[in-house]
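Coordinate analysis (summary)
The lines below spell out each chain.
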Amino acid sequence: MGKVVAVCTSPKKGMRKKNVGEAMLVVEHGIEGDAHVGEWHRQVSLLALESIEKMRQMGLKVGPGDFAENLTTEDIDLVSLPIGTKLKIGENALGEVTQIGKECHTRCAIYHQAGDCVMPKEGIFIRVLQGGTVKVGDTIEIQ
């Protein structure tokens, strides 16, 4: 079982997200108030704290939200989850894994600083099947 260590949003695409501590997951929409919401397959992004730690080991001062992920997780191997896996997040929310990794069309500032970035390889995306509040400290369970 994993846990949520940060809940991050941003008002615009292409910018680092800020940990807001708690947010509402909206069915087939994403995180209320985030720039990436919409009726598509990448409604919510997740990245493991362990992945962020890899970038810290390369000398970068990065943390939750710096890779534009919505949920920073811990103790769950995100990249090993097959597409279609259901994740119960917090008390009520339910998401379905729709994509592992992503193609970066432009190199972000982190890539230019470190020569690499973990989000394209280790970030995952879900669509929201059942809404609910998600907050720092919530559990993430594979269903």
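Preceding block: the structure.
Residues numbered from 1 in each chain as written. Predicted model: local features only at pLDDT ≥ 70, side-chain atom pairs only at ≥ 80, totals over all residues. Heavy atoms only, no water.

What to know about unusual backbone geometry
- Non-glycine residue Ala-68 carries a positive phi angle of around 65°.
- Residue position: Ala-68 is located in the loop between α1 (49-57) and β6 (71-74).
- Take Ala-68: its relative accessible area is 26%, and that puts it in the partly exposed class.
- The residue Asp-75 is not glycine, and still its phi comes out positive at about 65°.
- Along the polypeptide, Asp-75 turns up in the loop between β6 and β7 (86-89).
- For Asp-75, a relative accessible area of 54% gives the class exposed. (Helix = DSSP H or I, 4+ residues; strand = E, 2+ residues; numbered from the N terminus. Buried < 20%, exposed > 50% of the residue type's maximum accessible area, 1.4 Å probe, protein only.)

Overview of the pairing of strand β5 (residues 44-48)
- Along β5, five of the five residues are buried, which leaves the element largely enclosed by surrounding structure.
- Judged by which residues are buried, β5 turns out to be covered on both faces: Val-44, Leu-46 and Ala-48 on one side and Ser-45 and Leu-47 on the other are all buried.
- When β5 meets strand β9 (residues 124-130), the two strands line up antiparallel, connected through three bridges. Across the sheet, Val-44 pairs through a bridge with Ile-126, a residue of β9.
- Both β5 and β6 contribute to a ladder of three bridges, which runs parallel. The residue bridging Leu-47 from the neighbouring strand is Thr-72, located in β6.
- A crossover links β5 with its parallel partner β6, the connecting element being α1, and its sense is right-handed. (Pairing = 2+ DSSP bridges. Right-handed = clockwise from strand over helix to strand, strands pointing away.)

Overview of the packing of aromatic side chains
- Scanning the model with the defined rule gives zero aromatic pairs in all.
- Its end group placed over the ring of Trp-40, Lys-13 keeps NZ or CZ at 5.7 Å from the ring centre.
- The ring of Phe-125 has Arg-42 sitting right over it, with the charged end atom 4.6 Å from the ring centre. (Phe/Tyr/Trp six-rings, centres within 6.5 Å; stacked < 30°, edge-to-face > 60°. Lys NZ or Arg CZ within 6 Å of the ring centre and 35° of its normal.)

Brief notes about the sheet that holds strand β4 (residues 30-31)
- Spatially, the three strands line up as an open sheet ordered β4-β3-β10, and their pairing is antiparallel. Each edge of the open sheet carries a strand with a single partner, namely β4 and β10 (132-135).
- For strand β3 (residues 22-26) and β10, the ladder comprises four bridges, and the chain directions are antiparallel. If you follow Leu-25 over to β10, its bridge partner there is Gly-132.

A look at the environment of Gly-90
- Its place among the elements puts Gly-90 in the loop between β7 and β8 (93-100).
- On a C-alpha basis, the gap between Gly-90 and Thr-139 in space is 5.4 Å, while along the polypeptide they are 49 residues apart.
- In contact with Gly-90, not counting residues within four places along its chain, are Asp-138 and Thr-139. (Contact = heavy atoms within 4.5 Å.)

Some details on the pattern of salt bridges
- Scanning the entire structure with this criterion turns up nine salt bridges.
- Close ionic contact of Asp-66 with Arg-16 constitutes a salt bridge, the shortest N to O distance being 3.7 Å. One end of the pair, Asp-66, is in the loop between α1 and β6; the other, Arg-16, is in the loop between β1 (2-9) and β2 (18-19), with 50 residues separating them in the sequence.
- Accessibility expressed as a relative area gives 18% for Asp-66, which makes it buried.
- Arg-16 sits in the partly exposed class, given a relative accessible area of 40%.
- In this structure, the salt-bridge partner of Lys-135 is Asp-138, at a minimum N-O distance of 3.1 Å.
- Members of the salt-bridge network, linked through shared partners, are Glu-28, Lys-86, Glu-96 and Arg-127. (Salt bridge = Lys/Arg side-chain N within 4 Å of Asp/Glu carboxyl O.)

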